[in-house]
Amino acid sequence: MINANQSQSQTVNLEYPPVPGGGDVVRDADGKLLQHWQYILDSLAAMPGEALTERQAKILRLLRDDGATYNVYSDQESTPGRIWGLDMVPHVISSEQWGDVESGLLERAEVLNLLLRDLYGPRHLVRTGVIPSEVLFSFRGFLRACHGIRMPGEHELIIHSVDMIRMPSGEMCVLADRTQAPSGAGYALENRTVMSRVMPSLFRDSHVHRLAGYFQQLRAKLIGLCPSQANPRVAILTPGPRNESYFEHAYLANYLGFYLVQSDDLLVRNGYLWMKSLDGLNRVDVLWRRVDDWFCDPVELRSDSRLGVAGMLEVIRAGNLVVANPLGSGVLENPVLMKYMPAISKALVGRELRLKSVTNYWCGDSTDRKYVLDNMDSLVIKPINRKPGQISTSGPSSTAEVLAQLRDEIKRHPENFVAQPILPASYLPTFDGNKLKPRPAILRSFAVAGTSSYSVMPGGLTRVGMDEQSFLISSQAGAVSKDTWIVASEPERATTNLPVSDDKPARETELINLPSRVLENLYWMGRYAERAEASLRILRTSYRLLNGEEPLTPVIRTYLMQAVADVTSTVTGALPINDQEMGKLLRTGPAPQAISGMLTSLLFCADEAKELLSSDTYRVINDIRDLIPELSQEQRKDIRTPDEVLDPLVTALMALSGLNHESMTRGYGWRFMELGRRIERAAQSAELVSCLLTPVVGNFEQARLTEALLQSMEGLISYRRRYGARTSVQTALDMALLDPDNPRAIIYQLDQMLLQIRKLPKGSRYLHELPPAERVLVDATTQIRLTSLKTLCADNGEGEREQLSSVMKQLNTALMEASDLLSDRYFDHREHSQQLVSSQWENN
């Protein structure tokens, strides 16, 4: 819980005194440290203070490099997600303690599974009065459209999560069940990965139970739900990069080997759910949804939803799609059910649950309502059907006015409120800068259905409050997480997440079964990267010429500023009258802001294809993200040389290009990114050639403009070695336009485009004729190869190389046409569905 830039010279104190008033997790009733905590705290205390702060800083650095973020909801959609918070002190639980908790979690999952089947089936519990009918039918999470839908196998509830708090007696108490789209398992896995790297010896010597078994069971269960085991296809449905836990969605898709899809990647046709990919439509068998069930089908559920797929429920009813957790499972999150859980458990399994739940008072019950109204100042009052941004009300910390308003609302709609007693907090030692401090904590567990019963993750996601008095412990409120260690007395048998090989060769079609949306984002990621790099290079070249030994003439200033404007797609405005004004215009003009926009678009495309990018690649992307604000700082005040601002960005973009070229397999994702790069590089090079070499000027100005072109295209050193110090337009054009060995020459880009485009799937509609995009590029390549350099360099008598300008314009037109043809052929551009009838949806 420290800043990565915090000084390491401060004194670190790892003494952890007893927590006054109880709730101390690390000590027994006599105040003595528990054995499993003794080893952890002693090991931490034995480390030098600087080593501890360095390790906490390393945790933050690893999380940042992995792209582990949590998007806090904000009015500003452009607000980047904050780095996931992880404390270096783990939450340690002994195997003996965990054994009791695990058995209670298994029992609870089984009961909720039976309850879910009954609520969407015969509803015996409602008919016999165990559950009042208004508890079920007034809850927004109950979906009547899902009545009668059954999952294959014995389990309706596939994934079950529980939020728990440790009571003073040492027992766990359930605060809430998470059954709709439980989140946090991916963050727990990321916490474990980071902690095992930061403290490998302590982790290994503590004999911590591994998490791989849980994810192995999760993967096997989801694949086992597929109707056809010959070629099962599982996809994870995510709301997209703006969702708070999008990192987890991409992380688990990568870890488990599933497709990550958004609503626009899917469609319903002929009674099946299909994923739109490069080679057409591919059937989806199982959908692990991370979208609330109310938004999954705009036809039968919420009609204004843009996160679901029209007709999904009909496919589920037909038995052609399995959704985990099933639509409607959010009904189990109704807090009123906790009041009736003892009776529900007796009716379903003949006994009460071993794992106790927090006491719930439902205001729809007259006796409970009277108690709540008489004791509002000592209870936590929660709305049952929460509206966005609505939170629980703590009686002790609320004003009399707030409680009076709440009292009136309860009297008007008593069935919409429950109340719970304020439970004593349990405290965990948390590293806060330079010492250990107690922080209130809650634990979220995870269970997944197996062949017979459930499997519980040995650990979970622990979150701690920001201070000792924190009432709301939520990631949205800034809570920090901990790795949860279930420690054993002896090493655990190693497990792996890798599936057992069946010696069957992988189908070649799997290489192209990526959603077309992902391929499109990789294509534009390549284009934005090249566009930003070209813009940074011409801006940097202009700075260097401006700050060189020889002053710039008005002609040079004019054409340099025009080149900056054309490459960055900005408006030149009034031309500078001297070098000082030009420097100011480069710093405060529209170019830096335009480059910032290009880089932001690059980051957006990278987030959309996050599951395909390696950790090294994402580390460079995060470097770019951190460097973008430097452009705006450069606009406000010139406290550094321009190279100090621009060079790191150019280097980061070059590193990104190198990683993609050397690390990505030559699949279709890489080919589209490469096509995007080559198209944009050729277009930007043509723009530079047109701006800097088309005008016919004096010898001095022509030499400087030619040098500017070669320097921007990273070819000045090679040019001087080949042709000497003197520059000429003809030899510069030869290198920039026709040199097949120059990786920045325009002909090289065209050759590479043709190479990649010929390896794309062509379908059956093209016989032996060239596809349209290839035809355009072949024509452009032929024109460039047949062009005479002497003709291009000829002066038309009006101070312009007219033929050169014409060829560059034709090339740019051909490149944009080829881009449009590729886009029309391989990417999906259907319009989003729109409502014909407007309706106002309110969450009440």
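Please refer to the structure higher up on the page.
Computed from a prediction, not measured in an experiment: that's the story for all the values here.

Draft legend 1. The overall build of the protein chain, seen in detail. The secondary structure content of the protein chain amounts to 27 helices and 21 strands. Within the protein chain, the fraction of its 844 residues that count as buried is 55%. Taking the intrachain contacts of the protein chain between residues at least 6 apart in sequence as the baseline, contacts between residues at least 24 apart amount to 72%. A total of about 36800 Å² of accessible surface is found on the protein chain, and carbon and sulfur atoms cover 50% of it.

Draft legend 2. Layout of helix H19 (residues 642-663). Between its first and last C-alpha atoms H19 spans 32 Å; for 22 residues at 1.5 Å apiece the expected length is 32 Å, and the two agree. Among the residues of H19, Pro642, Val645, Leu646, Leu649, Val650, Ala652, Leu653, Leu656, Ser657, Leu659 and Asn660 are the ones counted as buried.

Draft legend 3. Representation of the pairing of strand E6 (residues 234-237) in the model. Of the two faces of E6, the one lined by Val234 and Ile236 and the one lined by Ala235 and Leu237 are each fully buried. Bridge count between E6 and strand E11 (residues 286-289): 4 bridges; the pairing is parallel. Considered in E11, the bridge of valine 234 is made with valine 286. Pairing analysis gives 3 bridges linking E6 to strand E7 (residues 259-261), with the strands arranged parallel. Paired with isoleucine 236 across the two strands is leucine 260, which belongs to E7. Running through helix H9 (residues 246-256), the crossover from E6 to the neighbouring parallel element E7 is right-handed.

Draft legend 4. Examining the pattern of salt bridges more closely. Within the structure shown, the criterion is met by 47 salt bridges. Two residues, glutamate 714 and arginine 537, come together in a salt bridge whose shortest N-O distance is 2.5 Å. Of the two residues, glutamate 714 is situated in the loop between helix H21 (699-712) and helix H22 (716-723) and arginine 537 in helix H14 (residues 516-546); the sequence distance between them amounts to 177 residues. Across the pair aspartate 647 and arginine 540 runs a salt bridge, and its minimum N-O distance is 2.7 Å. Of this pair, aspartate 647 sits in helix H19 while arginine 540 sits in helix H14, and the two are 107 residues apart along the sequence.

Draft legend 5. Expanded view of the packing of H14 against H21. It is the contact of H14 with H21, at a shortest axis distance of 9 Å, that shows an interaxial angle of 135°. Here H14 lies oblique to H21, going by the angle between them. In this structure, H14 meets H21 at a crossing whose hand is right-handed. Of the residues in H21, those in contact with Arg537, Ile538, Thr541, Arg544 and Leu545 of H14 are Arg704, Ala708, Gln711 and Ser712. Residues that form the contact of H14 with H21 fall into these classes: 3 nonpolar, 3 polar and 3 charged.

Draft legend 6. Broad picture of empty space enclosed by the protein. A full pass over the atoms with the stated rule returns 7 cavities of 30 Å³ or more. The computed volume of the largest cavity comes to approximately 110 Å³. Around the largest cavity, the lining residues are Glu530, Glu533, Ala534, Arg537, Glu680, Arg681, Gln684, Ser685, Leu688, Ser712, Met713 and Arg744. Those elements that provide at least two residues to the lining of the largest cavity are H14 and helix H20 (668-693). In the lining of the largest cavity, the residues fall into 3 nonpolar, 3 polar and 6 charged. Roughly 80 Å³ of volume is contained in the second largest cavity. Around the second largest cavity sit 11 residues that line it, and Met561, Val564, Leu585, Pro590 and Ala591 are the ones nearest its centre.

Here is what the cut-offs are and how they apply
Residues numbered from 1 in each chain as written. Predicted model: local features only at pLDDT ≥ 70, side-chain atom pairs only at ≥ 80, totals over all residues. Heavy atoms only, no water. Helix = DSSP H or I, 4+ residues; strand = E, 2+ residues; numbered from the N terminus. Buried < 20%, exposed > 50% of the residue type's maximum accessible area, 1.4 Å probe, protein only. Contact = heavy atoms within 4.5 Å. Areas by Shrake-Rupley, 256 points an atom, 1.4 Å probe, with all protein chains shown as cover. Expected span 1.5 Å × (residues − 1). Pairing = 2+ DSSP bridges. Right-handed = clockwise from strand over helix to strand, strands pointing away. Salt bridge = Lys/Arg side-chain N within 4 Å of Asp/Glu carboxyl O. Axes fitted to C-alpha atoms, helices over the stretch in contact; angles between N-to-C directions. Parallel < 35°, antiparallel > 145°, perpendicular 65-115°, else oblique. Left-handed = near helix turned anticlockwise from the far one by under 90°. Nonpolar A, V, L, I, M, F, W, Y, C, P; charged D, E, K, R; others polar. 1 Å grid on protein atoms, 1.4 Å probe; cavity = no way out; pocket = protein on both sides within 12 Å on 5 of 7 lines; lining within 4 Å. Points joined across faces, edges and corners; volume = space filled by probe spheres on them.

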